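Each chain, letter by letter, is given below.
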Amino acid sequence: MTKNESPFETPVHPSVPRRLGTAGPSVFPLGLGCMGMSALYGEADRAESLATLHAALDAGVTLLDTGDFYGMGHNELLINEALRTAPAAARERALTSVKFGALRTVEGGFTGYDGRPEAVRNFLAYSLQRLGRDHIDIYRIARVDPDVPIEETVGAIAEAVEAGHVRHIGLSEVGADTLRRAAAVAPIADLQIEYSLISRGIEEEILPTARELGIGITAYGVLSRGLISGHFTRDRALAPGDFRGMSPRFQGDNLDRNLGLVEALRKVAEGKGVSVAQTAIAWVLSRGADIVPLVGARRRDRLAEALGALDISLSAADLAAIEEAVPVGAAAGDRYPAAQMAHLDSEH
Ligand SMILES: NC(=O)c1ccc[n+]([C@@H]2O[C@H](COP(=O)([O-])OP(=O)(O)OC[C@H]3O[C@@H](n4cnc5c(N)ncnc54)[C@H](OP(=O)(O)O)[C@@H]3O)[C@@H](O)[C@H]2O)c1
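Residues numbered from 1 in each chain as written. Predicted model: local features only at pLDDT ≥ 70, side-chain atom pairs only at ≥ 80, totals over all residues.

As annotated in an unreviewed UniProt entry, the chain is Aldo/keto reductase from Streptomyces subrutilus.

So this is what it looks like as structure tokens:
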């Protein structure tokens, strides 16, 4: 087995369910990332968000990803409402993946992370209440708390698994050493981490380590927050507080360079009769059956487009053309502003 080869059986079709690691649940091959319905990408339309959640469940999506800090509880309450008003079968199939640990201010700032066991128990109690469920399917700290050994944070989640309040343990944006330390405490279902055609940092060490340990990947930012969706334009006005207004990849010359890559990718997509976003999602799906892309759709039309990626099979020639259009390391700018890069265990 080469170091980047998935140890899991590759499905014949991208829409076959995928298992999140050897310890995790089997899920629909695309998850819905709900963050943008509450925060970070400007105003969202509540009715359209609920309709998008319902459309996703209706299409068979099972994994709903959120964070207790997305809109300070707003996102979990939205998911609660969507599940309460969904058909019983869809509600029962749905799996919640929740991040915790971020400390916020009234003004919306982020002031650090709290991974102490007593904080884990406190965050969990609030999340269960807001979600209206008796358990969370995958629970993870959003960023490692530098003052608390990961063993203690994961140990506290493992106790919640014992108690039946959590089903599986996940991690977010951690590096290979932390993966190993966490996996020595309890089985880890998945690592949630940014992975896309223009964010390939995990390929060198983190992905091979996850595979060695039997840990799945839920990949976020597969469209680089819309940058490589084919819909983002140079003149797009961003609301105050939109993450993209601060992201190095969306600034000045970096944005021009990155949108140039998108145009190269568009040629490949058009040659196959599919959209740019579908090509970018299909590429992540093609990286291994242990990888589940989370798409951040907050409108039904975007969701429908994303789901279309499941019908695309990429040949070796397609993959070569995609990689020629967007070579490894071709993007300009870091994936987070410097202050946020400092919180990424995965980048150290
Ligand atoms: N663990 C972590 O550290 C972490 C960090 C960030 C996110 N996440 C999770 O990952 C999820 C996905 O991340 P993301 O929203 O940043 O990534 P994304 O899927 O790369 O970007 C989503 C944005 O792309 C645009 N877009 C254009 N066409 C689209 C299409 N067909 N389908 C979906 N989106 C399309 C939308 O922007 P417009 O609506 O403005 O057009 C949307 O808000 C989040 O919701 C969150 O649950 C985790």
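Participant: Can you help me understand the site of the ligand in this one?
Facilitator: Near the ligand, the surroundings consist of 29 residues, among which G33, M35, Y220, G226 and G296 are the closest. Elements represented by at least two residues in the shell around the ligand include exactly β12 (291-295) and α10 (300-307). Residue composition of the shell around the ligand, grouped by class: 12 nonpolar, 10 polar and 7 charged. (Near = placed C-beta within 6 Å. Helix = DSSP H or I, 4+ residues; strand = E, 2+ residues; numbered from the N terminus. Nonpolar A, V, L, I, M, F, W, Y, C, P; charged D, E, K, R; others polar.)

Participant: Is there a simple way to think about the packing of helix α5 (residues 150-163) against helix α6 (residues 176-185) in this case?
Facilitator: The description of two helices packed together rests on the angle between their axes and the distance between the axes. Here α5 crosses α6 at 40 degrees, and the two axes come no closer than 9 Å. Taken together, α5 and α6 sit at an angle that is classed as oblique. Both α5 and α6 take part in a crossing whose hand is right-handed. Packed against α5, whose contacting residues are I150, E151, V154, G155 and A158, the element α6 presents T178, R181, A182 and V185 at the interface. (Axes fitted to C-alpha atoms, helices over the stretch in contact; angles between N-to-C directions. Parallel < 35°, antiparallel > 145°, perpendicular 65-115°, else oblique. Left-handed = near helix turned anticlockwise from the far one by under 90°. Contact = placed C-beta atoms within 7 Å.)

Participant: What should I look at first to understand unusual backbone geometry in this one?
Facilitator: The phi torsion at M72 lies on the positive side, around 45 degrees, for a residue other than glycine. Mapping M72 onto the fold places it in the loop between β4 (63-67) and α2 (74-84). A residue is classified by how many C-beta atoms lie within 10 Å of it, and M72, with 15 of them, is partly exposed. With a phi angle near 50 degrees, S224 is a residue other than glycine that sits in the positive phi range. (Buried ≥ 20, exposed ≤ 12 C-beta atoms within 10 Å, placed from the backbone.)

Participant: Honestly, the packing of helix α4 (residues 117-131) against α5 in this entry has me stumped. Any pointers?
Facilitator: In contact at an axis separation of 8 Å, α4 and α5 are set at 45 degrees when each is read in the N-to-C sense. The angle between α4 and α5 places the two elements in the oblique class. The way α4 lies across α5 gives a crossing that is right-handed. Contact residues: α4 offers P117, V120, R121 and L124, while α5 offers E152, T153, G155, A156, I157 and A160. Taken together, the residues of the contact of α4 with α5 break down into 6 nonpolar, 2 polar and 2 charged.

Participant: Before we go on, may I ask you to explain the nonpolar core in this structure?
Facilitator: A219 and I281 are the most contacted members of the largest nonpolar core, which totals 100 residues. For this core, the element with the highest residue contribution is helix α9 (residues 276-285), accounting for 8 residues. Not counting residues up to four positions away in its chain, the partners in contact with I281 are V222, P293, V295, A306 and A309. (Core = buried A, V, L, I, M, F, W, Y, C linked by C-beta atoms within 7 Å.)

Participant: Can you walk me through the UniProt feature "domain: NADP-dependent oxidoreductase" (unreviewed entry) in the chain in this structure?
Facilitator: Those places that UniProt annotates as "domain: NADP-dependent oxidoreductase" (unreviewed entry) correspond, in this numbering, to residues 29-325. Along residues 29-325, the helical share is 42% and the strand share 16%, with 25 Å between the first and last C-alpha atoms. (UniProt positions renumbered as here; feature names shortened; annotations may be inferred.)

Participant: Help me out: how do you make sense of the pairing of strand β11 (residues 216-220) in this one?
Facilitator: Along any regular strand the residues' side chains alternate between the sheet's two faces. Among the 5 residues in β11, 5 count as buried, and that is most of the element. A two-sided burial pattern is seen for β11, the buried positions comprising G216, T218 and Y220 on one face and I217 and A219 on the other. The sheet contact formed by strand β10 (residues 190-194) and β11 spans 5 bridges and is parallel. Along β11, the bridge assignment pairs L191 with I217. Handedness of the crossover joining β10 and β11 through helix α7 (residues 206-213): right-handed. Note that β11 and β12 share 3 bridges and pair parallel. Opposite A219, over in β12, you have P293 as the bridge partner. (Pairing = 2+ DSSP bridges. Right-handed = clockwise from strand over helix to strand, strands pointing away.)

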